[in-house]
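What follows is each chain in one-letter form.
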Amino acid sequence: SKKLVGVIGLAVMGKNLALNIADHGYSVAVYNRSREKTDSLLEEAKDKDIIGTYSLEEFVEALERPRKIILMVKAGRAVDDMIDKLIPLLDKGDLIMDGGNSNYLDTIDRSKKLEDMSIHYLGTGISGGEEGARSGPAIMPGGSLEAYKIMEKILRDISAKVGSDACSTYIGKDGAGHFVKMVHNGIEYADMQLICEAYSILKNTLNLTAPEFHKIFTEWNKGELNSYLIDISADIFKEKDPETGNYLVDMILDVAGHKGTGKWTGQISLELGVPTPTITTAVYERYISSMKEERVIAHKVLKGPESNKPFPKEQAEEFIEAVRRALYASKIIAYAQGFSLMRAASMQYDWDLNLGDIAKIFRGGCIIRAQFLNRIMEAYDKKKDIVNLLLDDYFNEILSSYQEDWRKVINTAISYGISTPAFSSSLAYYDSYRSAQLPMNLLQAQRDYFGAHTYMRIDKEGVFHTQW
Ligand code: NBP
């Protein structure tokens, strides 16, 4: 009999998604460009309703109409290649869902092209990595509502659950789903960088060891910072390297990889004129990390602060709590930036994003899942069109009561010469955002001086220029 869902691309994500779909009682047909991945999936899925196919014709033939095809191939050219190969084999009313990390601008173009052919297209962000795909990711579908309705039940069934809430909801038309997934990843970059800075400050002042970090992160995970990323970090600090017997985290080279979604978030922030400095800084830090050789040379040449007094041990406990607060405050800033970016894009692209619902689905399955997303959800419940999350009472209160510690931690880091760009840029964002007066009066004067760019005045309407 024909199968209900088709999955193309059986690397980690596609394979696990196919297994997840089958576990929820849907029959599945799969296809992969090269044969081995199909064979290995079938080997693993002997007891499931999954059939392997070895040509696209066979794959499309195996599917019930309207066909529901999920693409899980590498983002970029591979998606267009697959779409172009599928088009002649499909009928009107069939549906293609791209579940990879595609650039939302590509998704907008692809949606248009396919909708013109009466083929439904759903650009869908899926977060949770390999494990999420297998047991329940957060799912961000974008496309026409009609296309969404075709996939709604399947996506909700396979998604993560928080209580009885499914972590899948309609995001908006064309590129909205992939846009939100991109911002999710941007926030993820920031969140990870902030955690790493908290680790670095404590490591370089208190000389803490991996087991001590394990204890601290385990404690932190019980409170406001409760989240997947803190949880896995606590776990990481436990792991020993079987070869050397050292803690594995201490044996890992400090050079970070990246796949592009953080960079896109920075690019589109600049494009839309929305400040997201914490996110962009996190991307820059990955770039600086990859300049390892240069850093090692610079370390020998460039001096840090003169006196590096040992940190007073008796203040350790208090300082660890201050770092926790600084981390939470900075994290709030990073999320506020990400949500402002989504708000701006929603207006720009006419997506009508429901930011409260987005916070809601981020609570499970995805990498940035965290207790505090409940707070974001509540903020949007209270005021659907809040301009910036920092203006919500809860966040406002945390930031003002934690700011003393936040500033103290950054001061300490600066005086020790410990690099904390994401902590600092979060605080700078906070201070700029709450400034009724910025020094841009001088900047406008400079622009007018060298370029006759004109300026406005505080005391009267109009545009002015001075022969300086
Ligand atoms: P990859 O991104 O590594 O892509 C590998 C898959 O793409 C294989 O099935 C490969 O087929 C297929 N493929 C390539 Br490469 N070029 C192709 C082409 N021209 N035509 C057809 N198929 C082609 O796989 P992944 O890590 O499973 O990720 C899939 C998608 O999900 C990506 O967009 C990724 O960014 C996204 N994502 C990944 C994660 C994660 O944790 N890995 C998390 C969230 C989202 P082959 O076997 O024949 O080479």
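All values derive from a computational prediction rather than experimental measurement.

## Thoughts on the packing of helix α16 (residues 373-382) against helix α17 (residues 393-416)
Geometrically, a packed helix pair is captured by the angle between its two axes and the distance between the axes.
Item 1. The interhelical angle for the contact between α16 and α17, taken along N-to-C directions, is 130°, at an axis separation of 9 Å. In terms of axis orientation, α16 runs oblique to α17. Contacts from Arg375, Ile376, Ala379 and Lys382 in α16 reach Asp393, Tyr394 and Phe395 in α17.
Item 2. The residue inventory of the contact of α16 with α17, partitioned by class, reads four nonpolar, no polar and three charged.

## Topic: unusual backbone geometry
Item 1. A cis amide bond links Arg65 with the next residue in sequence, Pro66, at an omega value of -10°.
Item 2. Secondary-structure assignment places Pro66 in the loop between α3 (56-61) and β4 (68-71).
Item 3. The backbone of Asp352 sits at a positive phi, close to 55°, despite the residue not being glycine.
Item 4. For Asp352, the position within the fold is in the loop between α14 (316-349) and α15 (355-361).

## Re the site of the ligand
Item 1. Taken together, 21 residues surround the ligand, and among them Met13, Asn32, Ser34, Lys37 and Asn101 come closest.
Item 2. Between the ligand and the protein, one listed contact pairs an oxygen atom with a backbone N or O atom of Val12 at 3.4 Å.
Item 3. Between the ligand and Ser34, the relevant distance is 2.7 Å, taken from an oxygen atom to a side-chain nitrogen or oxygen of the residue.
Item 4. For the ligand, whose free accessible area comes to 900 Å², the fraction covered by protein is 79%.
Item 5. Of all the elements in the fold, those that place two or more residues in the shell around the ligand are α1 (12-23) and α4 (77-86).

## A few points about the pattern of salt bridges
Item 1. Across all of its chains, the model carries 36 salt bridges by this definition.
Item 2. The salt bridge involving Asp49 is made with Lys3; its shortest N-O contact spans 2.7 Å. Of this pair, Asp49 sits in the loop between α2 (35-44) and β3 (50-52) while Lys3 sits in the segment before β1 (5-8), and the two are 46 residues apart along the sequence.
Item 3. Look at Asp49 and you get partly exposed, because its relative accessible area is 41%.
Item 4. Judged by its relative accessible area of 9%, Lys3 is buried.
Item 5. For Arg67, the salt bridge goes to Asp91, with nearest N and O atoms at 2.9 Å. Of the two residues, Arg67 is situated in the loop between α3 and β4 and Asp91 in the loop between α4 and β5 (95-98); the sequence distance between them amounts to 24 residues.
Item 6. Residue Asp91 is classed as partly exposed on the basis of its relative accessible area, which comes to 28%.
Item 7. Taken together, the shared-partner salt bridges in this structure form one network comprising Glu224, Glu318, Glu321, Arg324, Arg325, Asp405 and Lys408.

## What about the packing of aromatic side chains?
Item 1. Across all of its chains, the model carries 27 aromatic pairs by this definition.
Item 2. Ring geometry for Tyr429 against Tyr433: centres 5.9 Å apart, planes inclined by 0°, an arrangement best described as stacked. Within this pair, Tyr429 and its partner Tyr433 are both found in helix α18 (residues 421-433), separated by four residues, close to a single helical turn.
Item 3. Using a relative accessible area of 8% as the deciding quantity, one classes Tyr429 as buried.
Item 4. A relative accessible area of 37% means that Tyr433 is categorised as partly exposed.

## Digging into the UniProt feature "binding site: substrate" (unreviewed entry) in the protein
Item 1. This chain's UniProt record puts "binding site: substrate" (unreviewed entry) on Asn101, Ser127, Gly128, Gly129, His184, Asn185, Tyr189, Lys259, Arg286, Arg447 and His453. The annotated residues occupy 353 residues of the chain and do not converge on a single region, their most distant C-alpha atoms lying 48.7 Å apart.
Item 2. Following the sequence through the fold, Gly129 ends up in helix α6 (residues 129-135).
Item 3. In contact with Gly129, not counting residues within four places along its chain, are Met13 and Ile367.

## What about a nonpolar patch on the surface?
Item 1. Taken together, the side chains of Leu248, Met251 and Ile252 make up a nonpolar region of the molecular surface, amounting to roughly 260 Å² of accessible area.
Item 2. Note that Leu248 resides in the loop between α10 (228-236) and α11 (261-272).

Criteria and cut-off values
Residues numbered from 1 in each chain as written. Predicted model: local features only at pLDDT ≥ 70, side-chain atom pairs only at ≥ 80, totals over all residues. Heavy atoms only, no water. Axes fitted to C-alpha atoms, helices over the stretch in contact; angles between N-to-C directions. Helix = DSSP H or I, 4+ residues; strand = E, 2+ residues; numbered from the N terminus. Parallel < 35°, antiparallel > 145°, perpendicular 65-115°, else oblique. Contact = heavy atoms within 4.5 Å. Nonpolar A, V, L, I, M, F, W, Y, C, P; charged D, E, K, R; others polar. Near = heavy atom within 4 Å. Polar contact = N/O pair within 3.5 Å; in protein donor to acceptor, adjacent residues only side chain to side chain. Areas by Shrake-Rupley, 256 points an atom, 1.4 Å probe, with all protein chains shown as cover. Salt bridge = Lys/Arg side-chain N within 4 Å of Asp/Glu carboxyl O. Buried < 20%, exposed > 50% of the residue type's maximum accessible area, 1.4 Å probe, protein only. Phe/Tyr/Trp six-rings, centres within 6.5 Å; stacked < 30°, edge-to-face > 60°. UniProt positions renumbered as here; feature names shortened; annotations may be inferred. Patch = residues over 30% accessible without salt bridge, like charges linked within 9 Å, V, L, I, M, F, W, Y side chains within 5 Å.

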